[in-house]
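Results of the structural survey
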Amino acid sequence: MLAGKHILLIIGGGIAAFKSLDLIRRLRERGAVVTPVLTRAAEEFVTPLSVSALAGSKVFRDLFDLGDEAEMGHIQLSRVADLVVVAPATADLMAKMAGGLANDLASTLLLATDTPVMIVPAMNVRMWEHAATQRNLATLLGDGIAVVGPNKGDMACGEHGPGRMSEPMEIVAAIEAKLADGPLKGRRILVTSGPTHEPIDPVRYIANRSSGAQGTALARALAALGAEVVFVTGPADVPPPDGVEVIAVQTAQQMKEAVEAALPADAAVFAAAVADWRVSSASDRKLKKTKDGLPVLEFAENPDILHGVSQMKQGRPPLVVGFAAETNDVLENATAKRLRKGCDWIVANDVSPATGIMGGAENAVTLISDAGAEEWPRMGKDAVAQKLAARIASAINT
Ligand SMILES: Cc1cc2nc3c(=O)[nH]c(=O)nc-3n(C[C@H](O)[C@H](O)[C@H](O)COP(=O)(O)O)c2cc1C
């Protein structure tokens, strides 16, 4: 899938640099041409010889190497690729990129390049969570840099948390999605997915049975058609797809804020099962059994995200798609929902327990638009996602 694609791989000086050796191998297996660049610090972790042997290419290391400038100048080097990938992206490299510094070969290439850039951060959890790194991350996202990971887990330094570099195959998937030539190339699509959790107290919450499987499959199918997908997900059972920008939230209110921050988009698909109500009397301490009787929960209505986006006066995505999970009178309820919300399409499904759809592997949907209702046969959630993604592609390209 990467045949003929050219990746300029900048390896930063982090303990995870060894994973970049496997990344080179995986990229080349898929037909990519890899030109490696090592920072000075990276050479402490991997040798130029092993990088060069795996890449089947010269390794570029120094801004002021006259031989390199004669063979290929640093500006030219920054432009040869279809994609510049920084893996691992150290805290230092992220800071240099955010600040526009250019004091070594890697940072100069990153400032001089006019091709898309993807970073794969890897660092100690405290470094990752530091306000400076988070500020730099926000700047880089704002500059249109794609970010893969980091993952949560045990780290080489013995600590635990976010900061682990994504695995080579996750990075490959993200690169494939970024470079995919499909009908949605250059299109930005927002997808919400999963349930929301509405707290009762710090340890209890109200949720629903949505697994996130359909929204995840849809995000994956849209990315496979070349879309840049922003995936806003509640606490789902299934892991988010690779190759998309993941924004994890818990509550409906957080999902609303994440959706608003992710716009504008060419299309927005609201597959999340958002709780209609939250507990307005949520306690900030764990509720205890008392002799005074049972606790009384008071509810407040949650923001209606689908309605809010559908009714936007400015910046409304040209295609807004809602999902309707119904247990009775599916068609009637979903048709009414489309009109009430003001969205363009509703994907209706019957989630009554007998169907096994909620949390299951299959779905049977009816697509409702102003052209009427179109019943699709029952099929796997991946197949529904691919069919819907193809429909979205043809709708926003006409
Ligand atoms: C053993 C060791 C492991 C390190 N691991 C990381 C790391 O995983 N991530 C990171 O951002 N910095 C790490 N550092 C610090 C960087 O090597 C240091 O900031 C260096 O200046 C980065 O240079 P570069 O960004 O030019 O590659 C590590 C340092 C040492 C000594």
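Reading the values: rules and limits
Residues numbered from 1 in each chain as written. Predicted model: local features only at pLDDT ≥ 70, side-chain atom pairs only at ≥ 80, totals over all residues. Heavy atoms only, no water. UniProt positions renumbered as here; feature names shortened; annotations may be inferred. Helix = DSSP H or I, 4+ residues; strand = E, 2+ residues; numbered from the N terminus. 1 Å grid on protein atoms, 1.4 Å probe; cavity = no way out; pocket = protein on both sides within 12 Å on 5 of 7 lines; lining within 4 Å. Buried < 20%, exposed > 50% of the residue type's maximum accessible area, 1.4 Å probe, protein only. Contact = heavy atoms within 4.5 Å. Phe/Tyr/Trp six-rings, centres within 6.5 Å; stacked < 30°, edge-to-face > 60°. Lys NZ or Arg CZ within 6 Å of the ring centre and 35° of its normal. Axes fitted to C-alpha atoms, helices over the stretch in contact; angles between N-to-C directions. Parallel < 35°, antiparallel > 145°, perpendicular 65-115°, else oblique. Left-handed = near helix turned anticlockwise from the far one by under 90°. Nonpolar A, V, L, I, M, F, W, Y, C, P; charged D, E, K, R; others polar.

What follows is about the UniProt feature "active site" (unreviewed entry) in the chain. The UniProt entry lists Cys157 under the feature "active site" (unreviewed entry), expressed in the numbering used here. As for its position among the elements, Cys157 is in the loop between β6 (151-154) and β7 (160-164).

Under the feature "binding site: CTP" (unreviewed entry), the UniProt entry names Asp276, Lys286, Pro303, Asp304, Ile305, Leu306, Phe323, Lys337 and Lys341. Taken together, the annotated residues stretch across 66 residues and extend over separate regions, lying up to 37.0 Å apart by C-alpha. Lining the second largest pocket, from this annotated set, are Asp276, Pro303, Asp304, Ile305, Leu306, Phe323, Lys337 and Lys341. Judged by its relative accessible area of 8%, Leu306 is buried. For Leu306, the contacting residues outside a window of four places in its chain are Phe270, Val320, Val321, Gly322, Lys337, Lys341, Cys343 and Ile346.

This brings us to the packing of aromatic side chains. Counted under the stated rule, the structure contains zero aromatic pairs. One cation-aromatic arrangement involves Lys58 over Phe60; the distance from NZ or CZ to the ring centre is 5.4 Å.

Attention shifts here to unusual backbone geometry. Omega for the peptide link from Ala87 to Pro88 comes to -5°, which places this bond in the cis form. In this structure, Pro88 sits in strand β3 (residues 83-89). A positive phi is found at Asp329, a non-glycine position, where the angle reads about 45°. By the secondary structure assignment, Asp329 is in the loop between β16 (319-326) and α13 (330-341).

In this section: the packing of helix α5 (residues 91-99) against helix α8 (residues 131-142). Interaxial distance between α5 and α8 falls to 9 Å at its minimum, and their mutual angle equals 50°. In terms of axis orientation, α5 runs oblique to α8. The element α5 and its partner α8 pack so that their crossing is left-handed. In this structure, α5 uses Ala91, Met94, Ala95, Met97 and Ala98 to contact α8, whose residues at the interface are Thr133, Asn136, Leu137, Thr139 and Leu140. Partitioning the contact of α5 with α8 into residue classes produces seven nonpolar, three polar and no charged.

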